[in-house]
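Close look at the chain arrangement
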Amino acid sequence: MAKGVLLDLTKCIGCGSCTVACKLWNETKFDEKKPAVGDAPKLTSENWTVVKRCEAATASQPVWRFVKEQCLHCEHPACASACFSKALQKTPEGPVVYYPHLCVGCRYCMVACPFNVPKYQWEKALPLVTKCQMCSTRLAQGEAPACVAVCPTGVMKFGDRQALLQEAKTTIQQNSNYVKTIYGEKEVGGTAWMYISDIPFQELGFKTGLTTKALPEYTHGGFLQYTPLIAVGWGAILSGLYLYTKRRKENAETKQKAETEKHDRSLKS
């Protein structure tokens, strides 16, 4: 049965323990110039999860809320659908896992993702795509993701997605403080990571108004079915350009050598 994580944003205090656990488990770097916690943190090739501080208005007074962001691990991931090399794959357990040895660097996944999650290692000579893996190796051993395991206030709960979804519905029905929406229940066909909140999601920076239809249903009947052909065609073009450039270089070197030899002969005579 597919796993998921339910986040209750009313419980988050913005401590950032989850971001530290993520970096330690995945061995990603700390970057003081790009903090993972604050007013405007960004997902990067080193920040696979961030905690954003938001000020929201209530009927009585302004309040602070803290929003943890990471890959949502869609039930029907557009990134995996767009990846013709199968470097991104949805596992039966729930995570959408990236396999770097299969990646060709096309970055179609970055374009396809509706949440702008995958990031590229632009600064590296041999760059890879990076994103939250939902600690798939921990899940394989029956353990919760590292970020979930260290949360001191119980913001996140790990378990079977359908059971968590039912729990979320019960919570928001029984408590009038919660908005009557579960973010991730239906967005783009549903996601493994789901949120409940007492503040409307659009006020917390969530992408709202998304289709409830799985994105691959749109794309597979359209242009993404042609991505293998595009890749092969682009490879042929690059190969042709390489051979053309190499031939021109060889011809130029041959011509230069002939002119040098002619010049040397003229000097001798």
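Residues numbered from 1 in each chain as written. Predicted model: local features only at pLDDT ≥ 70, side-chain atom pairs only at ≥ 80, totals over all residues. Heavy atoms only, no water.

So, about the sheet that holds strand 1 (residues 3-8). If you walk across this open sheet you meet the 3 strands as 9-1-10, and the pairing is mixed. Of all the strands in the sheet, just strand 9 (156-160) and strand 10 (193-196) have a single pairing partner and so form its edges. Neighbour-to-neighbour, the strand axes of the sheet open up by a mean angle of 25°, direction not taken into account. Of the strand pairs in this sheet, strand 1 and strand 9 are connected by 5 bridges, and their pairing is antiparallel. Paired with Leu6 across the strands is Lys157, a residue of strand 9. (Pairing = 2+ DSSP bridges. Helix = DSSP H or I, 4+ residues; strand = E, 2+ residues; numbered from the N terminus. Axes fitted to C-alpha atoms, helices over the stretch in contact; angles between N-to-C directions.)

A word on unusual backbone geometry. Positive phi is not limited to glycine here, since Arg107 has a value of about 70°. Along the polypeptide, Arg107 turns up in the loop between strand 6 (96-98) and helix 3 (108-112). One non-glycine residue, Val188, lies in the positive phi region at around 45°.

When the UniProt feature table is mapped onto this chain numbering, "binding site: [4Fe-4S] cluster 1" (unreviewed entry) sits at Cys12, Cys15, Cys18 and Cys151. Spanning 140 residues, the annotated positions come together in the fold, the maximum distance between their C-alpha atoms being 10.7 Å. From the set just named, the residues that line the largest cavity comprise Cys12, Cys15, Cys18 and Cys151. Checked against the element boundaries, Cys18 lands in helix 1 (residues 17-26). In this structure Cys18 comes out as buried when scored by relative accessible area, which is 9%. Setting aside anything within four residues of it in sequence, one finds Cys18 in contact with Thr49, Val51, Lys68, Cys147, Val150 and Met156. (UniProt positions renumbered as here; feature names shortened; annotations may be inferred. 1 Å grid on protein atoms, 1.4 Å probe; cavity = no way out; pocket = protein on both sides within 12 Å on 5 of 7 lines; lining within 4 Å. Buried < 20%, exposed > 50% of the residue type's maximum accessible area, 1.4 Å probe, protein only. Contact = heavy atoms within 4.5 Å.)

Looking now at the pairing of strand 3 (residues 50-57). Relative to strand 3, strand 2 (residues 37-38) runs parallel, the two being bridged by 2 bridges. Considered in strand 3, the bridge of Val37 is made with Val51. Where strand 3 and strand 4 (residues 62-69) come together, 8 bridges link them in antiparallel fashion. Residue pairing across strands places Arg53 opposite Phe66, the latter belonging to strand 4.

Below, the discussion takes up the UniProt feature "binding site: [4Fe-4S] cluster 2" (unreviewed entry) in the chain. Mapped onto the present numbering, the UniProt feature "binding site: [4Fe-4S] cluster 2" (unreviewed entry) falls at Cys22, Cys132, Cys135 and Cys147. Taking the farthest pair of C-alpha atoms as the criterion, the annotated set spanning 126 residues converges on one region, since that pair is 10.7 Å apart. Take Cys22: it is sitting in helix 1. Residue classification places Cys22 among the buried residues on the basis of a relative accessible area of 9%. Within the element layout of this structure, Cys135 appears in the loop between strand 8 (129-130) and helix 4 (136-140). Residue classification places Cys135 among the buried positions, given a relative accessible area of 9%. Excluding its chain neighbours within four sequence positions, the residues that come into contact with Cys135 are Trp25, Pro145 and Ala146.

Quick look at the sheet that holds strand 4 now. One open sheet accounts for 3 strands, arranged 2-3-4; its pairing is mixed. On the outer flanks of this sheet lie strand 2 and strand 4, each paired with one strand and no other.

There is a patch of nonpolar side chains on the surface, built from Val20, Leu24 and Phe30 and spanning about 310 Å² of accessible area. Locating Val20 in the fold gives a position in helix 1. By relative accessible area, which is 36% here, Val20 ends up partly exposed. (Patch = residues over 30% accessible without salt bridge, like charges linked within 9 Å, V, L, I, M, F, W, Y side chains within 5 Å. Areas by Shrake-Rupley, 256 points an atom, 1.4 Å probe, with all protein chains shown as cover. Salt bridge = Lys/Arg side-chain N within 4 Å of Asp/Glu carboxyl O.)

Among the nonpolar cores identified, the biggest contains 45 residues, and Phe115, Met156, Trp193, Tyr195 and Phe206 are the most heavily contacted of them. Sorting the residues of this core by element identifies strand 1, helix 1, strand 3, strand 4, helix 2 (78-82), helix 5 (146-150) and strand 10 as the ones contributing at least two each. Tallying contributions element by element places strand 3 first for this core, with 4 residues. Among the nonpolar cores identified, the runner-up in size contains 10 residues, and Cys79, Tyr98, Cys109 and Val129 belong to it. (Core = buried A, V, L, I, M, F, W, Y, C linked by side-chain atoms within 4.5 Å.)

Our next topic: the packing of aromatic side chains. Enumeration over the complete set of coordinates arrives at 7 aromatic pairs. Look at Phe84 and Tyr108: their rings are 6.0 Å apart centre to centre, the planes differ by 65°, and that puts the pair in the edge-to-face class. Here Phe84, found in the loop between helix 2 and strand 5 (88-90), pairs with Tyr108, found in helix 3; they are 24 residues apart in sequence, far enough to count as distant. For Tyr108, a relative accessible area of 25% translates into the label partly exposed. With a centroid separation of 5.1 Å and an interplanar angle of 75°, the aromatic rings of Phe201 and Phe206 are classed as edge-to-face. As far as burial versus exposure is concerned, Phe201 and Phe206 are alike and both buried. Three or more aromatic residues link up through ring pairs in this structure, and these residues are Tyr183, Tyr195, Phe201 and Phe206. Taking NZ or CZ as reference, Arg53 lies 4.6 Å from the ring centre of Trp64, over its face. For the cation-ring pair, Arg107 lies above Tyr120, with the distance from its terminal atom to the ring centre recorded as 4.7 Å. (Phe/Tyr/Trp six-rings, centres within 6.5 Å; stacked < 30°, edge-to-face > 60°. Lys NZ or Arg CZ within 6 Å of the ring centre and 35° of its normal.)

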